[in-house]
Amino acid sequence: MKNSRIPFNWPHMTGNELQYIAEAHLNGRLAGDGPFTARCHRWIEQHTGCSKALLTHSCTAALEMIALLMDIRPGDEIIMPSYTFVSTANAFVLRGGVPVFVDIRTDTLNLDEALIEAAITPRTRAIAVVHYAGVACEMDTIMAIARKYGLAVVEDAAQGVMSTYKGRALGSIGQFGAYSFHETKNVISGEGGALLVNDPALNLRAEIIREKGTDRSRFFRGETDKYTWQEVGSSFLPGELIAAFLWAQLEQADRITQARLAAWDRYHERLKGLQESGAVRRPAVPEGCVHNAHMYYLVLSPQIDRQHVLDRFKSASIAAVFHYVPLHSSPAGLRYGRAHGSLEVTEAVSERLIRLPLWSGLTETQQEFVIKILSEAVGNRIN
Ligand SMILES: *Cc1c(COP(=O)(O)O)cnc(C)c1O
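Asks: Is there a simple way to explain the pattern of salt bridges in this structure?
Replies: Oppositely charged side chains can form a pair if their charged atoms are brought close together. All chains considered together, the criterion is met by 19 salt bridges. Across the pair Glu-223 and Arg-221 runs a salt bridge whose closest N-O atoms are separated by 2.7 Å. Each of Lys-52, Glu-207, Arg-221 and Glu-223 takes part in salt bridges that share partners, so that together they form one network.

If you want it as structure tokens, here you go:
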């Protein structure tokens, strides 16, 4: 990494990845569900309290497994934010489900729990929440609504590894959770993810769906004398080399999170003045939420030209970026989903949000430079 350039993200390596990959290589265990996968499963189960953790090749794959586990049928409706990554919606649309897009809160940019009930119809099956930036949605309220109407809650916790809500790990609160270990996330394996099952009655079906619809896992545990095709499934598991890499990361997940938090806190403290001047709004972390510093975003005031700010960053060789283009007005969103009510917060935020460079190892000097360019670009000075 050249000093003159500040990338948006820089994948953090712990230093043990290659050693563990070499171990897997030496064991001659390359297919999935070897000893490293088992270690990762145990780690996730112990750290989150989920009833079953299963590594997948992506968070996208975990979400697709959830739609299969839920038996989503054509016409079933799933309430979700429009301000999210495409995988939250695609997973259900692949099974004929209809995303019903609801607006987000202005503070956390998470699904606005106050708007959910009005979007429920007799066809609603689930509420899919997204913990944006690793900051939890208002889960107590959302779980209560789900219980009242008999709906499932799916947590897209792609960004929420190591975050908690009232002491509970994100991904372990709804019926299902999905993690991402993509290179751009906090704890990584290049591509990678995990399904968290929180209803023990579904543990076995989750294993079957992940293993091409067979009860192969049960066979290897000696619980059956042959394995056969049980139901619709696919190959959702990663190879053992990916799991070996991931194990090196999970072992140090705490340290990785602390390093990111230090950088996040520094931005937050140093940008207080800019918020007070009215130029930007900093991220909000509600009481009871412990976040993992996945992202440092700012919502620019409407008077500020975002493109100008991004151009200034670009000229300074700083990679600051915007984020989601809303799903409800996208070509596929219009075809497969529908918007419930106006999505004005989603639309405003998607036009005004920027994300600053943040990774484990970002230096104070680099952060000061980012802050200097930002303050100049928005025409303010921070003391
Ligand atoms: C990154 C991300 C995904 C997709 O994760 P993959 O592991 O790349 O499939 C899904 N949802 C959200 C909210 C994400 O941030």
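Moving on, there is more to tell.
Asks: Explanation requested: the sheet that holds strand E12 (residues 296-300) in the structure shown.
Replies: Strand-to-strand pairing in sheets goes through backbone hydrogen bonds, with the strands running parallel or antiparallel. Strand order across the open sheet formed by three strands is E10-E12-E14, with antiparallel pairing between neighbours. With partners counted over all chains shown, the strands left at the sheet margins are strand E10 (280-281) and strand E14 (353-356), one partner each. One ladder, built from four bridges, connects E12 with E14; its direction is antiparallel. Residue pairing for E14: Tyr-296 is matched across the bridge by Leu-356.

Asks: Got a minute to help me understand the sheet that holds strand E11 (residues 289-290) in this structure?
Replies: Reading across from one edge, E7-E6-E11 is the order of the three strands in this open sheet, with antiparallel pairing throughout. Two strands in the sheet have a free side with no partner beyond their single neighbour: strand E7 (168-169) and E11. Note: strand E6 (residues 164-165) against E7, two bridges, orientation antiparallel. Bridge pairing links Tyr-165 to Arg-168 in E7.

Asks: Looking at this model, I keep getting lost on the packing of aromatic side chains. Mind explaining?
Replies: Tallying each qualifying case throughout the model produces 10 aromatic pairs. Judged by centre distance (6.4 Å) and plane angle (75°), the ring pair of Tyr-179 and Phe-181 falls under edge-to-face. Assigned by exposure class, Tyr-179 and Phe-181 land together as buried. A ring pair is formed by Trp-264 and Tyr-296, whose centres lie 5.1 Å apart and whose planes are at 70°; its orientation type is edge-to-face. Of this pair, Trp-264 sits in helix H9 (residues 253-270) while Tyr-296 sits in strand E12, placing them 32 residues apart in sequence. Note on accessibility: Trp-264 and Tyr-296 belong to one class, buried. Members of the aromatic cluster, joined through ring pairs, are Tyr-83, Tyr-132, Tyr-297 and Tyr-324.

Reading the values: the criteria
- Residues numbered from 1 in each chain as written.
- Predicted model: local features only at pLDDT ≥ 70, side-chain atom pairs only at ≥ 80, totals over all residues.
- Heavy atoms only, no water.
- Salt bridge = Lys/Arg side-chain N within 4 Å of Asp/Glu carboxyl O.
- Pairing = 2+ DSSP bridges.
- Helix = DSSP H or I, 4+ residues; strand = E, 2+ residues; numbered from the N terminus.
- Phe/Tyr/Trp six-rings, centres within 6.5 Å; stacked < 30°, edge-to-face > 60°.
- Buried < 20%, exposed > 50% of the residue type's maximum accessible area, 1.4 Å probe, protein only.

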